[in-house]
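The primary structure of each chain is shown beneath.
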Amino acid sequence: MSTKIVHIITGGQRSGKSEYGETIALNLDDAPTYLATSKYWDDEYCKRIEIHKQRRTDNWTTIEEELDISKITAVNKVLFVDCITLWITNVMDHFKYDATLSYDFVIKEWDLLCKENSIVIAITNEIGLGVIPMEKATRQFVDLQGKVNQYIAKKATKVDFMVSGIPIHTKG
C-alpha cells in the first residue's frame, strides 16, 4: 500500500494558495489531475476561472465537479482540489443551507475522496478571521467552513498557511 499524502493549503483570498499548490503538484507528478469545484457564477467570476485555466499547462487533466467529489480519482498520482470553499458553497446551496446535512455530506465525500487517491493537495480558505457576519446564512457558512477546515487539517499529513504569497508550514 502506498503512503497517503493529504496536503492542505489555506489562507485568505488572493494569498497565492493555488499557484503554490499547483507548483507542489507539478513537482510530485508530471501530469497531475485538477479537480475544479467552482460553478460559473457570473461574468467577473468566469474571468477568475479563466486565469486559473490559462496558468495550467497541457499536461494537467482537468475535471469539473461541483458536488460529488468522491467519484473523482487522479489520472496519475496527484489530485489537486481547487477549492474546498467553493465546493462547500455548492453543497450548502444543494442542501438549502442546512448546515448539519451539508457538514455530514462534506465529511463523507472528503473521506471517500482521500481514501481513493494516494496524493491529494487541496486549497481552502480561512474566511473566519474577520468580523462575525450579520446574516444568519453567512454565519452558518463561515461556521461550516471553519468546522470542515478543522476536520480536514487534523487528518491531513501537511498543512500550509499562505500569507501574501509566503507559505507558513503549520503541520507536517
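The rules behind the values
- Residues numbered from 1 in each chain as written.
- Predicted model: local features only at pLDDT ≥ 70, side-chain atom pairs only at ≥ 80, totals over all residues.
- Heavy atoms only, no water.
- Helix = DSSP H or I, 4+ residues; strand = E, 2+ residues; numbered from the N terminus.
- Buried < 20%, exposed > 50% of the residue type's maximum accessible area, 1.4 Å probe, protein only.
- Polar contact = N/O pair within 3.5 Å; in protein donor to acceptor, adjacent residues only side chain to side chain.
- Contact = heavy atoms within 4.5 Å.
- Core = buried A, V, L, I, M, F, W, Y, C linked by side-chain atoms within 4.5 Å.
- Pairing = 2+ DSSP bridges.
- Axes fitted to C-alpha atoms, helices over the stretch in contact; angles between N-to-C directions.

(A) The arrangement of the side chain of S18 in detail. Relative to the helices and strands, S18 is located in helix α1 (residues 17-28). Its relative accessible area of 8% is what places S18 among the buried residues. A distance of 2.7 Å separates polar atoms of two side chains, one belonging to S18 and the other to D82. Ignoring any residue separated from it by four or fewer positions in sequence, one finds S18 in contact with H52, R55, F80, D82 and I123.

(B) How the structure looks around the nonpolar core. Core analysis: the biggest nonpolar cluster contains 29 residues, and I8, V81, I84, W87, I88, W110 and L113 have the highest contact counts within it. Elements with a minimum of two residues in this core: β1 (5-11), β4 (78-82), α3 (84-94), α4 (99-116), β5 (119-123) and α5 (136-155). Ranked by residue count, the leading element in this core is α4, at 6 residues. By size, the runner-up hydrophobic cluster in this structure holds 17 residues, among which are I9, I49, L86 and I123.

(C) A look at the environment of T10. Within the fold, T10 resides in strand β1. T10 gets classed as buried once you look at its relative accessible area, which sits at 5%. In contact with T10, not counting residues within four places along its chain, are K17, T124, N125, E126, N149, D160, F161 and M162.

(D) Spatial organisation of the pairing of β1. The element β1 is extensively covered by neighbouring structure, given that 6 of its 7 residues are classed as buried. In the sheet, β1 pairs with β5 via 5 bridges, with the strands oriented parallel. When the bridges of β5 are listed, I5 appears paired with I119.

(E) Quick look at the sheet that holds strand β3 (residues 61-64). The strand order across the open sheet formed by 7 strands is β3-β2-β4-β5-β1-β6-β7, and the pairing between neighbours is mixed. Both outer strands of the open sheet, β3 and β7 (166-171), are each paired with one neighbouring strand and no more. For this sheet, the mean inter-axis angle between neighbouring strands, taken without regard to orientation, is 20°. Sheet topology places β4 next to β5; 5 bridges connect them, and they run parallel. Bridged to V81 within β5 is A122. This element, α4, spans β1, β2 (33-36), β4 and β5 of the sheet and lies at about 140° to β5. Here α5 sits on the sheet and contacts β1, β6 (158-163) and β7; the angle it forms with β7, its principal contact strand, is near 70°.

(F) Expanded view of the environment of I9. Turning to its location among the elements, I9 is positioned in strand β1. Residue classification places I9 among the buried positions, given a relative accessible area of 0%. I9 sits 74 residues away from C83 along the chain, and the two C-alpha atoms are 9.8 Å apart. Excluding anything up to four places from it in sequence, I9 contacts K17, Y20, G21, I24, I121, A122, I123, T124, D160 and M162.

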